[in-house]
Amino acid sequence: MKITQRTFDAVIVGAGGAGLRSAIQLSESGLKTAVITKVFPTRSHTVAAQGGVAASLGNSEEDHWHWHMYDTVKGSDWLGDQDAIEFMCRKANEVVIELEHYGMPFDRTDAGKIYQRPFGGHMSNFGEKPVRRACAAADRTGHAMLHALYQRNVRANTQFFVEWMALDLIRGAEGEVLGVVAMEMETGEISIFQAKATIFATGGSGRMFYSSTNAFINTGDGLGMTARAGLPIQDMEFFQFHPTGVYGAGVLITEGVRGEGGILRNSAGERFMERYAPNAKDLASRDVVSRAMATEIKEGRGCGPNRDHVLLDLSHLDPKVIMQRLPGIREISIQFAGVDPIREPIPVVPTAHYQMGGIPTHYSGRVVAPRDGDPDAIVPGFYAAGECACASVHGANRLGTNSLLDLLVFGKSAGDSVIEDVASHPKSLPDLPANAADYSLSRLARLDGQVDGESVHEVQLALRRTMQDHCGVFRFPDLLKEGVSEIMAVAERVGRSGIKDKSKVFNTARIEALELDNLIEAAKATMIGAATRQESRGAQARADFPERDDINWLKHTLWYREDNRIDSRPVHLKPLTVDTIELKKRTY
Ligand SMILES: Cc1cc2nc3c(=O)[nH]c(=O)nc-3n(C[C@H](O)[C@H](O)[C@H](O)COP(=O)(O)OP(=O)(O)OC[C@H]3O[C@@H](n4cnc5c(N)ncnc54)[C@H](O)[C@@H]3O)c2cc1C
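Procedures and definitions
Residues numbered from 1 in each chain as written. Predicted model: local features only at pLDDT ≥ 70, side-chain atom pairs only at ≥ 80, totals over all residues. Heavy atoms only, no water. Pairing = 2+ DSSP bridges. Helix = DSSP H or I, 4+ residues; strand = E, 2+ residues; numbered from the N terminus. Axes fitted to C-alpha atoms, helices over the stretch in contact; angles between N-to-C directions. Near = heavy atom within 4 Å. Polar contact = N/O pair within 3.5 Å; in protein donor to acceptor, adjacent residues only side chain to side chain. Nonpolar A, V, L, I, M, F, W, Y, C, P; charged D, E, K, R; others polar. Contact = heavy atoms within 4.5 Å. Expected span 1.5 Å × (residues − 1). Buried < 20%, exposed > 50% of the residue type's maximum accessible area, 1.4 Å probe, protein only. Phe/Tyr/Trp six-rings, centres within 6.5 Å; stacked < 30°, edge-to-face > 60°. Lys NZ or Arg CZ within 6 Å of the ring centre and 35° of its normal.

Caption draft 1: Geometry of the sheet that holds strand β12 (residues 263-265). Spatially, four strands are ordered β11-β14-β13-β12 in an open sheet, and the strand pairing comes out antiparallel. Of all the strands in the sheet, just β11 (239-246) and β12 have a single pairing partner and so form its edges. If you compare each strand with its neighbour and ignore which way they point, the axes differ by 45 degrees on average. Relative to strand β13 (residues 310-313), β12 is paired through three bridges, and the arrangement is antiparallel. Across the sheet, residue R265 finds its bridge partner in β13, namely L311.

Take a look at the structure:
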């Protein structure tokens, strides 16, 4: 097979918010940059973000980055790295105003400033009461943001490779990253993208669960490529279940609904969050609300004939608020739940939503992996940003609206780091290893040669059911133990799965098979991490270890694909300039 070769200063894999924000930085600095993406940039999952992007602008009431930092550390259940969190919260206003200047159509206050709404876990004055911090464009914030970023890239002449799928990382003899091997979907062409810097911005892996708010393309490709290249993945056991997915359909109802005054009720009509979080109530952190809902359902206070969901009630709100601030939500409710929220409550259940873990990075966007006793050793040439990365600002639980912020802050800082590193890079690119594309070619050859392989669809379904049944909101020891052996059995089936159509041109079956290779790595990391971590912290709620255990488990989990090896890295408890936010019990 003929393999083409392309060379760039930087190659970015992924054209969601993180990839596009990095690309602006690089293209505007004059670096020759390629962005590879499975879908047209504005179809990336960022487009689906609804509620908002966090920044302590204080447009409606007093706010401060230090309060935002406190909330984020507390939200992370102290597993977040406090240097990275300070970095993000301090940068928030700058990157949001930059976005405004790129043309982002934010909603406005009467005074003409960016409109802000309350969101779960965001409080004023170090945890006192909910504060309006989420900057929003109605309930289509991600849509507006992704389009603004894309248009800015068009202006900067960024070169896009649309409907190309990156298959594997290329590493040199010293472990440095030299680029990626990728495939053009339209033709089946295989190409080596050689670059001084490779940025992964491939998004999440939410499709590993049966019930998920995530797009079909969120298959953890960056994680799969990283794991296959021998590098670790961090903290994957912390998977966020969003409290309000539409019952049955999984489609997301933004937390912004509760920010605007929506209330969760059980079968008795009770506002049950008052019992679980007397202070923040329906605006407690997501893990807290999801567990409260699961408990209500488990204890028989769920709604409907099967008592298997709760209700999100907006009927007391002024219809004008719903029409103006939440028009998309009304549409989703009518389409997917058959109810008009102006009159009737929406049936909702916790639904898999966001991976807190990912490729471990420094807050500069540089990827790290322990080496020679240094837990924070940099992997030269390799950067990551957005949901696929773990900086780690979200720790064990992410606050709503902190992801869109993460994309902007770390997309930009990864771009800045690349500019800095490329400036000191030798002019000529290092030679590629002779066999740079062999690994990807062998994966393709297996698919081409596999006769009577099990259907990719069937195996993927088994993967998603295993994750859903064994690694959900609450985690039980027997289910986790079974889950580990079941997911390893699924992994073997992935290796034997096959496709009937072996053609090269727009063969989506082939793409799905390659995606499954990635999803299984993300799933193993999640299940094995969950089984290993013997404590409850943030999104990891173990029935057999109900308490947080800071003595033994205040550390990041690292999972390596080889032998399913588990290791750890210390949490950075020291911020950049302020005092450490000291550990305490997390209540809302
Ligand atoms: C329904 C929904 C609502 C949300 N609402 C909010 C919100 O209101 N506020 C908030 O802060 N967060 C929200 N989130 C979370 C947030 O939107 C995501 O975490 C974030 O958008 C991820 O952005 P990203 O740039 O990392 O990746 P994505 O936007 O997912 O983009 C990933 C990109 O990688 C590309 N890609 C992946 N694999 C490959 C490959 N192998 N080869 C080539 N390209 C590849 C894809 O084509 C895509 O361009 C929401 C998430 C969901 C699912």
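Caption draft 2: Representation of the site of the ligand within the structure. Near the ligand there are 40 residues, and of these S44, H45, T46, E387 and L404 occur at the shortest range. Residue A18 places a main-chain N or O atom 3.0 Å away from an oxygen atom belonging to the ligand. E387 is positioned with one of its side-chain polar atoms (N or O) 2.6 Å from an oxygen atom of the ligand. Counting only elements with at least two residues in the shell around the ligand, the list comes to α1 (17-28), β2 (33-37), β7 (164-171), α5 (221-228), β14 (346-355) and α11 (402-423). Among the elements that take part in the shell around the ligand, α11 stands out by supplying four residues, more than any other. Residue classes in the shell around the ligand are distributed as 16 nonpolar, 20 polar and four charged.

Caption draft 3: View of the side chain of S27. Tracing the sequence through the fold places S27 in helix α1. Apart from the residues lying within four places of it in its own chain, the contact partners of S27 are T33, A156 and T158.

Caption draft 4: Focus on α1. In a regular helix each residue adds 1.5 Å, so 12 residues correspond to 16 Å; α1 covers 16 Å between its end C-alpha atoms and thus fits that length. Counting buried positions along α1 gives 11 out of 12 residues, so the element sits mostly inside the fold. Those residues of α1 lying buried are G17, A18, G19, L20, R21, S22, A23, I24, Q25, L26 and S27. At the exit of α1 stands G30, carrying a positive phi of roughly 90 degrees.

Caption draft 5: Representation of the packing of aromatic side chains in the model. Within the structure shown, the criterion is met by 14 aromatic pairs. Summarising the aromatic geometry, the rings of F161 and F193 are spaced 5.0 Å apart at their centres and angled 90 degrees between planes, so their arrangement reads as edge-to-face. Highlighted residues: F161 in strand β6 (residues 159-162) and F193 in strand β9 (residues 190-200), separated in sequence by 32 residues. Classification of F161 as buried rests on a relative accessible area of 8%. Look at F272 and Y276: their rings are 6.3 Å apart centre to centre, the planes differ by 90 degrees, and that puts the pair in the edge-to-face class. A connected cluster of aromatic rings, assembled from ring pairs, spans F8, F161, W164 and F193. Seen from the ring of F8, K32 lies directly overhead, with NZ or CZ sitting 4.8 Å from the centre. The ring centre of W553 lies 5.0 Å from the NZ or CZ of K555, which sits over that ring.

The analysis is restricted to geometry; functional conclusions fall outside its scope.
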